[in-house]
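Structural features, examined
Below are the chains, spelled out letter by letter.
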Amino acid sequence: MKLGRLNHVAIAVPDLEKAVATYRDVLGAVVSAPQSLPEHGVRVVFVELANSKVELLEPLGVDSPIAAFLEKNPAGAIHHLCYEVADIFSARDRLKAGGARILGDGEPKTGAHGKPVLFLHPKDFCGTLIELEQE
Ligand SMILES: CC[C@@H](C(=O)O)C(=O)SCCNC(=O)CCNC(=O)[C@H](O)C(C)(C)COP(=O)(O)OP(=O)(O)OC[C@H]1O[C@@H](n2cnc3c(N)ncnc32)[C@H](O)[C@@H]1OP(=O)(O)O
Ligand SMILES: [Co+2]
């Protein structure tokens, strides 16, 4: 298993429109249009940077995986880091064999970029939730 590029840093926010205004109007960033992803329980935008992206996430629906996190961090906070991998299935199998917890049913879902993604438990990775995305 070899870790690739940092694809994005995700920030969970209570109000996506307000967060977009902060990044676009105060910080002068280029921000994508909002995208609802019911399968992931979030609404997202991407802040485009020269060397990576910032994903702003707002809960979508009652079972959103970011709802409990936002209850603990009501003003918003960094939620996960997304790294690219060349082969998500081989990365998953190597990590699982080493004892890491793959979240959900362990099968990749299609992420915001239309590519397979998986999540790794934050308690197994220095207190940071990790998303892996197929290159
Ligand atoms: C837009 C699609 C996609 C993309 O393509 O980019 C996305 O990014 S979707 C993003 C949202 N999806 C997910 O986060 C899916 C994976 N997440 C989960 O499965 C869960 O959120 C979780 C990480 C397993 C936590 O759920 P749960 O166990 O129900 O919550 P708890 O509140 O009980 O947390 C247990 C424990 O873990 C700590 N924790 C929780 N979230 C984080 C976090 N983001 N970063 C660091 N630590 C986290 C939490 O504080 C608890 O710790 P203790 O209090 O010490 O027990
Ligand atoms: Co993400």
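To start, this report covers the structure provided alongside it. Model, not experiment: these values are computed from the prediction.

1. A short note on helix H1 (residues 16–26)
Residues of H1 that are buried include every one of Leu16, Ala19 and Val20, and no others. Down the axis, H1 shows its buried residues gathered within 100° of arc, on one side only. H1 presents Lys18, Asp25 and Val26 as exposed residues on the side facing more than 90 degrees away from its buried surface. Turning to H1, the residues buried within the fold contact strand S2 (30–31), strand S4 (42–48) and strand S5 (53–59). The distance from a side-chain oxygen at the start of H1 to the backbone nitrogen of Glu17 is 3.2 Å, and the residue carrying that oxygen is Asp15. Gly28 sits one or two residues past H1 and shows a positive phi near 75°.

2. Here's the deal with the environment of Ile11
Along the chain, Ile11 falls in strand S1 (residues 6–12). Note: C-alpha distance between Ile11 and Ile78 (67 residues apart in sequence) is 4.3 Å. Beyond its immediate chain neighbours, meaning those up to four positions away, Ile11 contacts Tyr23, Val54, Glu55, Leu56, Leu57, Ala77, Ile78 and His79.

3. A short note on the pairing of strand S8 (residues 116–120)
For strand S7 (residues 109–110) and S8, the ladder comprises 2 bridges, and the chain directions are antiparallel. In the sheet register, Lys109 faces S8, and the bridge partner there is Val117. Linking S7 to S8, which pair antiparallel, is a turn of 5 residues; within it Gly114 sits at a positive phi near 75°. In terms of strand pairing, S8 meets strand S9 (residues 129–134) through 4 bridges, oriented antiparallel. Bridge pairing in S9 places Leu120 opposite Ile130.

Parameters at a glance
Residues numbered from 1 in each chain as written. Chains lettered and ligands numbered in written order. Predicted model: local features only at pLDDT ≥ 70, side-chain atom pairs only at ≥ 80, totals over all residues. Heavy atoms only, no water. Buried < 20%, exposed > 50% of the residue type's maximum accessible area, 1.4 Å probe, protein only. Helix = DSSP H or I, 4+ residues; strand = E, 2+ residues; numbered from the N terminus. Arc of directions from axis to C-beta. Contact = heavy atoms within 4.5 Å. Polar contact = N/O pair within 3.5 Å; in protein donor to acceptor, adjacent residues only side chain to side chain. Pairing = 2+ DSSP bridges.

None of the figures reported here should be taken as evidence of function without further support.
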